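A structural walkthrough
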Amino acid sequence: EPVAAEAVPGQFISMYTNDGAKLLPRPISLCEIDKEKGALRVVYRVTGEKTGTKQFSQMKAGDSLEVMGPLGNGFPLKSKKAFLIGGGIGIPPMLELAKQLNCEKQIILGYRNSDMFLLDEFKKQGEVYIATEDGSVGTKGNVMDAIRENALEADVIYACGPKPMLRAIKVYALEKGIPCWVSMEERMACGIGACLGCVCQSTETDAHSHVHNKRVCKDGPVFRSTEVEL
Ligand code: FAD
Ligand code: FES
């Protein structure tokens, strides 16, 4: 697949359902990129009955579907000692990043409960710290609680997850004065920069249109935390 050959960590693909009725593709982050086999791995949460993700989950090995990608910008791979922080469905893209990032890695994962997907694979990539909302494993609370409880330090932060989590990480990065890259998993429509269905508020105005907007699909999904309003 040419998609795998070009892909970098932090990018996503748009996946089409086979029923034709749902025209909009679903954006899903790349969890692993295997350039030799030309294969991509995606890990997603089924959001409900009669949803696109439910349809994907009913496919069998060998079935095919249409994808568009790789899309978006990806993470810059430059750090000496990094935090890789994933929350919920923001966890999968951290795996390929962990594999490609050549530095000391502290991986902080926020789960709801003891259903800890991908955990063993992350343990092969660096030191792993866990936070669970129900306190069943690791630190009770969120990823910031785990960082404080373990007195962790880093010189760069990479994060993907729900907005409240990204907001807290942005504040922490400002306090510590360290660069922070966040990947936003906003709702999207076209996925290629044309519809403005995915815009987020930016701190600086756009050079062309002079508005405080950035398109997550085209300008992101990875942004410097200081570039965007969270
Ligand atoms: P729909 O029928 O469209 O909606 C069903 C329910 O899901 C609704 O309640 C709706 O509000 C909710 N929902 C829809 N979109 C989102 C969203 N973006 N975030 C949260 N809730 C949503 N999901 C993964 O599981 N794994 C990934 O690796 C992943 N990567 C993503 C990367 C990017 C760049 C973006 C923008 C999103 C990513 N998502 C990921 C979220 C995923 O795209 C949505 O969950 C999916 O499109 C929902 O489609 P659906 O047809 O299943 O649900
Ligand atoms: Fe259409 Fe981003 S989803 S511009």
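See the structure above.
Residues numbered from 1 in each chain as written. Chains lettered and ligands numbered in written order. Predicted model: local features only at pLDDT ≥ 70, side-chain atom pairs only at ≥ 80, totals over all residues. Heavy atoms only, no water.

Considering the sheet that holds strand E9 (residues 139-140)
Threshold: Only strands that DSSP links by at least two bridges are regarded as paired with each other. We count a stretch as a helix when DSSP gives it H or I for four or more residues in a row; a strand needs E for two or more, and each element gets its number in order from the N terminus. What makes two residues a contact is simply this: any of their non-hydrogen atoms within 4.5 Å. Angular values range over 0 to 180 degrees, each being the angle between N-to-C directions of two axes fitted as lines to C-alpha atoms, with helices fitted over their stretch in contact.
One open sheet accounts for seven strands, arranged E9-E8-E7-E6-E10-E11-E14; its pairing is mixed. Lying at the two open borders of the sheet, with one neighbouring strand each, are E9 and strand E14 (222-224). Pairing of strand E6 (residues 81-87) with strand E7 (residues 104-111), which is carried by seven bridges, proceeds in the parallel orientation. In the strand pairing of E7, Gly87 is matched with Gly110. The strands that helix H6 (residues 163-176) touches are E6, strand E10 (156-160) and strand E11 (180-183); relative to E10, the one it contacts most, it runs at about 170°.

Overview of the nonpolar core
Side chains of a nonpolar character, in soluble globular proteins, are inclined to be buried together. Put simply, the rule reads: Note on terminology: a nonpolar core comprises buried Ala, Val, Leu, Ile, Met, Phe, Trp, Tyr and Cys residues joined through side-chain atoms within 4.5 Å. Burial here depends on accessible area, computed with a 1.4 Å probe over protein chains only, as a share of the maximum for the residue type. Under 20% is buried, over 50% is exposed, and the range in between is partly exposed.
Judged by nonpolar contacts, the single largest core of 32 residues is most densely connected at Phe83, Ile85, Ile108, Ile147, Ile157 and Ile169. Contributing elements (two or more residues each) for this core: E6, strand E8 (127-132), helix H5 (143-149), E10, H6, E11 and helix H7 (216-219). What Ile108 contacts, discounting residues up to four positions off in sequence, is Phe83, Leu84, Ile85, Gly86, Tyr129, Val143, Ala146, Ile147 and Leu152.

A word on the site of ligand 1
Just so we agree on the cut-off: Proximity is defined per residue: any heavy atom of the residue falling within 4 Å of a molecule or strand makes that residue near it. Whenever a nitrogen or oxygen atom comes within 3.5 Å of another N or O atom, the pair is scored as a polar contact, on the condition that within protein one atom can donate a hydrogen and the other can accept it, and that pairs from neighbouring residues in sequence are kept only if both atoms are in side chains. Using a 1.4 Å probe, accessible areas were evaluated by the Shrake-Rupley method; residue-level cover was limited to the displayed protein chains. All residues other than Ala, Val, Leu, Ile, Met, Phe, Trp, Tyr, Cys, Pro, Asp, Glu, Lys and Arg, Gly among them, are scored as polar; the first ten of these are nonpolar and the last four charged.
Taken together, the neighbourhood of ligand 1 is formed by 18 residues, with Arg26, Pro27, Arg45, Gly52 and Thr53 sitting nearest. One nitrogen or oxygen atom from the main chain of Arg45 is found 2.7 Å from an oxygen atom belonging to ligand 1. One nitrogen or oxygen atom from the side chain of Thr47 is found 2.8 Å from an oxygen atom belonging to ligand 1. In isolation ligand 1 has 880 Å² of accessible area, and contact with the protein removes 77% of it. Where the shell around ligand 1 is concerned, the elements lending two or more residues are strand E2 (26-29) and helix H2 (52-57). No other element matches the four residues that E2 contributes to the shell around ligand 1. Residue composition of the shell around ligand 1, grouped by class: eight nonpolar, five polar and five charged.

Quick word on H6
The line we're drawing: In this scheme, a helix's expected span is set at 1.5 Å multiplied by one less than its residue total. It is the directions from the helix axis to the C-beta atoms that the arc portrays.
Helix length check: H6, at 14 residues, gives a terminal C-alpha distance of 20 Å against a target of 20 Å (1.5 Å per residue), a fit within 8%. Regarding H6, the residues found buried are Met165, Leu166, Ile169, Lys170, Tyr172 and Ala173. Within H6, the buried residues cover an arc of 165° as seen down the axis, which keeps them to one side. Exposed residues pointing more than 90 degrees away from the buried face of H6 are listed as Pro164, Leu174 and Glu175. In this structure, the buried side of H6 is in contact with E6, H5, E10 and E11. Where H6 ends, the next residue or the one after it, Gly177, has phi of about 65°, a positive value.

What to know about the sheet that holds strand E1 (residues 12-15)
The antiparallel open sheet is built from three strands, whose spatial order is E2-E1-E5. Unpaired on one side and paired on the other, E2 and strand E5 (67-71) mark the two borders of the sheet. Averaged over all adjacent pairs, the angle separating strand axes in this sheet is 25°, with direction ignored. Bridging between E1 and E5 involves three bridges; their strand directions are antiparallel. Opposite Met15, over in E5, you have Val67 as the bridge partner.

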